Amino acid sequence: MKPKQWHLMEAVAFFQSQGAPGDQQALTELFWEVQQNKGGIIPQKSIEKISHAYDVKKSFLREAVRQTPGLRLAEDMHELEVCGKKSSLKHGGDDLISFIEQAYAVTDGGFSVQGGFRYSVSHRLHGKGAVIRWDGTTYSHATPELIKALVQGEAVAAK
């Protein structure tokens, strides 16, 4: 027997019967369920569908999510791009990719809930050594220590 597949609009209807969106607890429980079933983040598309179904503003829903510790909107995630060119891979990029994917439980094109970032391996970056781009800033000679500092929110000057 196949497990029942999760559907956003069924969850929206259920939590509406529990009092959402007026009942903050029911709305928060809906967000937790969405996040659990969408890979650890709440996608913008889900916010749009909930907004339409409940006839509330998307900004209201986004703010409700942001006020709950542990809930994450996809739009609030950092962006981490790692160079996958042969030249970068030969100069530490392959080890850096392995570190990122193991330490932050993420694969190319995915989201790291632990790290709070979207992750991709790209062939568009230019620099020396292992090259990354974090939220639009390019870093050459990137190391696991640099990645850790960026994830922890420490200010790091681009090299």
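Cut-offs applied
Just so you know, the residues in each chain are numbered from 1, in the order the chain's sequence is written. Restriction of local features to residues with pLDDT of at least 70 applies here, the model being predicted, together with a cutoff of 80 or more for giving and counting side-chain atom pairs; totals for whole chains, interfaces and linings are based on all residues. To obtain the side-chain values, all non-hydrogen atoms of the structure were used and water was disregarded. Note that bend, as reported per residue, equals the angle between axes fitted to the 7 residues terminating at that residue and the 7 residues originating from it. Strands here are runs of E lasting at least two residues and helices are runs of H or I lasting at least four, both read from the DSSP assignment and numbered beginning at the N terminus. Here the term buried applies to any residue with accessible area under 20% of the maximum for its type, exposed to any over 50%, and partly exposed to those in between, with areas from a 1.4 Å probe on protein chains only. Residue contacts follow a heavy-atom distance rule, with two residues in contact if any of their heavy atoms lie within 4.5 Å. Whether two strands pair comes down to DSSP finding at least two bridges between them. Here a Phe, Tyr or Trp ring, Trp counted by its six-membered ring, pairs with any other such ring whose centre lies within 6.5 Å, and the pair is stacked when the planes are under 30 degrees apart, edge-to-face when over 60, and tilted otherwise. Whenever a helix is involved, its axis is fitted only over the stretch in contact; in every case the axis is a line through C-alpha atoms, and angles between N-to-C directions fall within 0 to 180 degrees. Angle categories: roughly parallel below 35 degrees, roughly antiparallel above 145, roughly perpendicular from 65 to 115, and oblique for all the rest. Take the far helix as the reference: if the near one is turned anticlockwise from it by less than a right angle, the crossing is left-handed, and if turned clockwise, right-handed. We call Asp, Glu, Lys and Arg charged. Ala, Val, Leu, Ile, Met, Phe, Trp, Tyr, Cys and Pro are nonpolar, and the rest, Gly among them, are polar. Between N or O atoms, a polar contact is any pair within 3.5 Å; within protein, one atom must be a potential hydrogen donor and the other a potential acceptor, and residues adjacent in sequence are included only when both atoms are from side chains.

Visitor: Would you explain helix H5 (residues 86–103) in this entry?
Guide: Taking the largest bend as the criterion, H5 deviates by roughly 75°, centred on Gly92. Regarding H5, the residues found buried are Ser88, Gly93, Leu96, Ile97 and Ile100. In this structure, the buried side of H5 is in contact with strand E1 (78–83), strand E3 (117–122), strand E4 (132–134) and helix H6 (144–151). Within two residues after H5, Ala105 carries a phi angle of roughly 45°, on the positive side.

Visitor: Is there a simple way to think about the pairing of E1 in this case?
Guide: The side chains of a regular strand alternate between both faces of the sheet. By the bridge criterion, six bridges tie E1 to E3 in an arrangement that is parallel. Bridge pairing links Glu81 to Ser120 in E3. Bridge count between E1 and E4: three bridges; the pairing is antiparallel. Bridging from a neighbouring strand, Leu80 pairs with Trp134 of E4.

Visitor: Looking at this structure, I do not really get the packing of aromatic side chains. What am I missing?
Guide: Think of a pair of aromatic rings as described by two things: how far the centres are apart, and how the planes are tilted against each other in angle. Per the counting criterion, the structure on display carries four aromatic pairs. Between Phe99 and Tyr104, the ring centres sit 6.1 Å apart and the planes meet at 90°, which makes this aromatic pair edge-to-face. Classification of Tyr104 as buried rests on a relative accessible area of 10%. Three or more aromatic residues joined by ring pairs form one cluster here, namely Phe99, Tyr104, Phe117 and Trp134.

Visitor: Just to check I follow, could you spell out the packing of helix H3 (residues 44–54) against helix H4 (residues 58–66) for this structure?
Guide: Two packed helices can be described by the angle between their axes and the distance between those axes. Contact geometry of H3 with H4 gives a least axis separation of 9 Å together with a crossing angle of 120°. Comparing the axis directions of H3 and H4 gives the class oblique. The handedness of the crossing between H3 and H4 comes out as right-handed. The residues of H4 that touch H3, namely those facing Gln44, Ile47, Glu48, Ile50 and Ser51, are Lys58, Leu61, Arg62 and Val65. Taken together, the residues that form the contact of H3 with H4 break down as four nonpolar, two polar and three charged.

Visitor: Even after reading the chapter, I still don't get the environment of Leu150, so can you show me in this structure?
Guide: Secondary-structure assignment places Leu150 in helix H6. Spatially, the C-alpha atom of Leu150 lies 36 Å from that of Pro21, the residues being 129 residues apart in sequence. Dropping the residues within four chain positions of it, Leu150 is found in contact with Ile132, Trp134, Tyr139 and Val156.

Visitor: Please clarify how the sheet that holds E1 should be interpreted in this entry.
Guide: Hydrogen bonds between backbone atoms are what pair the strands of a sheet, whose relative direction is either parallel or antiparallel. Spatially, E2-E3-E1-E4-E5 is the arrangement adopted by the five strands of the open sheet, whose pairing is mixed. Edge strands, defined here as strands with exactly one partner in the open sheet, are strand E2 (111–112) and strand E5 (137–139). Along the sheet, H5 contacts E1, E3 and E4; its crossing angle with E1, the most-contacted strand, is approximately 140°.

Visitor: Is there a simple way to think about the side chain of Thr68 in this case?
Guide: The topology assignment puts Thr68 in the loop between H4 and E1. You can call Thr68 buried: its relative accessible area is 14%. A distance of 3.2 Å separates a polar atom in the side chain of Thr68 from the backbone oxygen of Ala64. The contact partners of Thr68, leaving out residues within four places of it in the chain, are Thr28 and Trp32.

Visitor: Help me understand the environment of Phe111 in this model?
Guide: Assignment of secondary structure puts Phe111 in strand E2. C-alpha separation for the pair Phe111 and Glu79, spaced 32 residues apart in sequence, amounts to 9.3 Å. The residues touching Phe111, leaving out its near neighbours within four places in the chain, are Ile41, Met77, Ala105, Val106, Phe117 and Arg118.

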